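Each chain is listed here by its residues.
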Amino acid sequence: MAADPSPKIVIVDESPIRAAILQEGLREAGFAGVTHISEMHNLLARIYALDPDVILIDLENPSRDVLEQMFQVSRAVRRPIAMFVDQSDAASIQASVDAGVSAYIVDGLKKERVKPILDLCISRFNAFSKLQDELERTKSALEDRKIIDRAKGILMKLKGLTEEEAYVLLRSTAMREKKKIAEIAQSIVTASELLK
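Residues numbered from 1 in each chain as written. Predicted model: local features only at pLDDT ≥ 70, side-chain atom pairs only at ≥ 80, totals over all residues. Heavy atoms only, no water.

A look at the overall build of the chain
Within the chain, the secondary structure is distributed over seven helices and five strands. For the chain, the sequential pattern of α-helices and β-strands runs β-α-β-α-β-α-β-α-β-α-α-α. Relative to its length of 196 residues, the chain is extended, with a C-alpha radius of gyration of 25 Å against a globular reference of 16 Å. Taken along its principal axes, the extent of the C-alpha atoms in the chain is 75 × 35 × 25 Å. The long-range fraction of contacts in the chain, counting pairs at least 24 apart against all pairs at least 6 apart in sequence, stands at 63%. With an accessible surface of roughly 11,700 Å², the chain has 55% of that area assigned to carbon and sulfur atoms. Distance between charge centres in the chain, computed from 28 positive and 30 negative side chains, equals 8 Å. (Helix = DSSP H or I, 4+ residues; strand = E, 2+ residues; numbered from the N terminus. Rg over C-alpha atoms; globule rule 2.2 N^0.38 Å. Contact = heavy atoms within 4.5 Å. Areas by Shrake-Rupley, 256 points an atom, 1.4 Å probe, with all protein chains shown as cover. Lys, Arg positive; Asp, Glu negative; His and termini not counted. Charge placed at Lys NZ, Arg CZ, Asp CG, Glu CD.)

Spelled out as structure tokens, the structure:
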């Protein structure tokens, strides 16, 4: 995304005046691909249709319902999101962080601040995504480890193998079938459950 000179940006704002401030700030910062959504109805579908790289949400005095709708958007879309609000409370800020909003700016709508906020929003989102990916990989590796251990246990019991021999059998089968060891292990565990 950083390599793209002009990311696609969507501004979500019911107020045309406030949206114009954001658009001007973005234009001056060299961002060309900016779309403004002023109608909150069916918002998620419209955002999906546009598939933006970054979303800027500008809310004057957001009610709980409007904030919750925006948080649903940020949970669903997995894109950098900067949310501008005029006033806020600690609970709203915490809820925005939990929902994955990358930058939550209170009383900060000035056109010269748009570019640094956008940069911050993208870099925070990228850092957070990287952490999430690492967490997913770690979880996946742990799941693989558990399945492999179960499969080794099954092979040891059925074939009278040592743990080392069971692992070697799993590994050589995986190589022969051009599959991951965890896939072979899963097949063994599934088959053994069927045969119980």
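Some points on the sheet that holds strand β4 (residues 81-85)
Strand order in the open sheet made by the five strands is β2-β1-β3-β4-β5, with parallel pairing throughout. The sheet is open, and its two edges are formed by β2 (34-37) and β5 (103-106), each paired on a single side. Adjacent strand axes in the sheet meet at a mean angle of 15 degrees, parallel and antiparallel pairs treated alike. Bridging between strand β1 (residues 9-12) and strand β3 (residues 54-59) involves four bridges; their strand directions are parallel. Each residue of the ladder has a partner; that of V12, found in β3, is I57. Here helix α2 (residues 43-50) sits on the sheet and contacts β1, β2 and β3; the angle it forms with β2, its principal contact strand, is near 165 degrees. (Pairing = 2+ DSSP bridges. Axes fitted to C-alpha atoms, helices over the stretch in contact; angles between N-to-C directions.)

Some remarks on a nonpolar patch on the surface
Taken together, the side chains of I93, V97 and V106 define a hydrophobic patch exposed on the protein surface, amounting to about 220 Å² of accessible area. As for its position among the elements, V97 is in helix α4 (residues 90-98). (Patch = residues over 30% accessible without salt bridge, like charges linked within 9 Å, V, L, I, M, F, W, Y side chains within 5 Å. Salt bridge = Lys/Arg side-chain N within 4 Å of Asp/Glu carboxyl O.)

Some thoughts on the side chain of D13
If you trace the backbone, D13 turns up in the loop between β1 and α1 (16-28). A polar contact is formed between the side chain of D13 and the backbone nitrogen of S15, at a distance of 2.8 Å. Sequence-distant contacts of D13, defined by excluding residues within four places in its chain, comprise R18, A19, H36, I37, S38, M40 and D58. (Polar contact = N/O pair within 3.5 Å; in protein donor to acceptor, adjacent residues only side chain to side chain.)

What about the environment of E163?
Here E163 is to be found in helix α6 (residues 163-176). The class of E163 is partly exposed, set by a relative accessible area of 45%. For E163 and I148, which are 15 residues apart along the polypeptide, the C-alpha to C-alpha distance reads 11 Å. Sequence-distant contacts of E163, that is, excluding residues within four places in its chain, are made with K152 and M156. (Buried < 20%, exposed > 50% of the residue type's maximum accessible area, 1.4 Å probe, protein only.)

Quick word on the pairing of β1
The two faces of β1 match: I9 and I11 on one face and V10 and V12 on the other face are all buried. Relative to β2, β1 runs parallel, the two sharing four bridges. Within β2, the residue paired with V12 across the bridge is I37. Chirality of the crossover, the property in question, places the unit of β1, α1 and β2 among those that are right-handed. (Right-handed = clockwise from strand over helix to strand, strands pointing away.)

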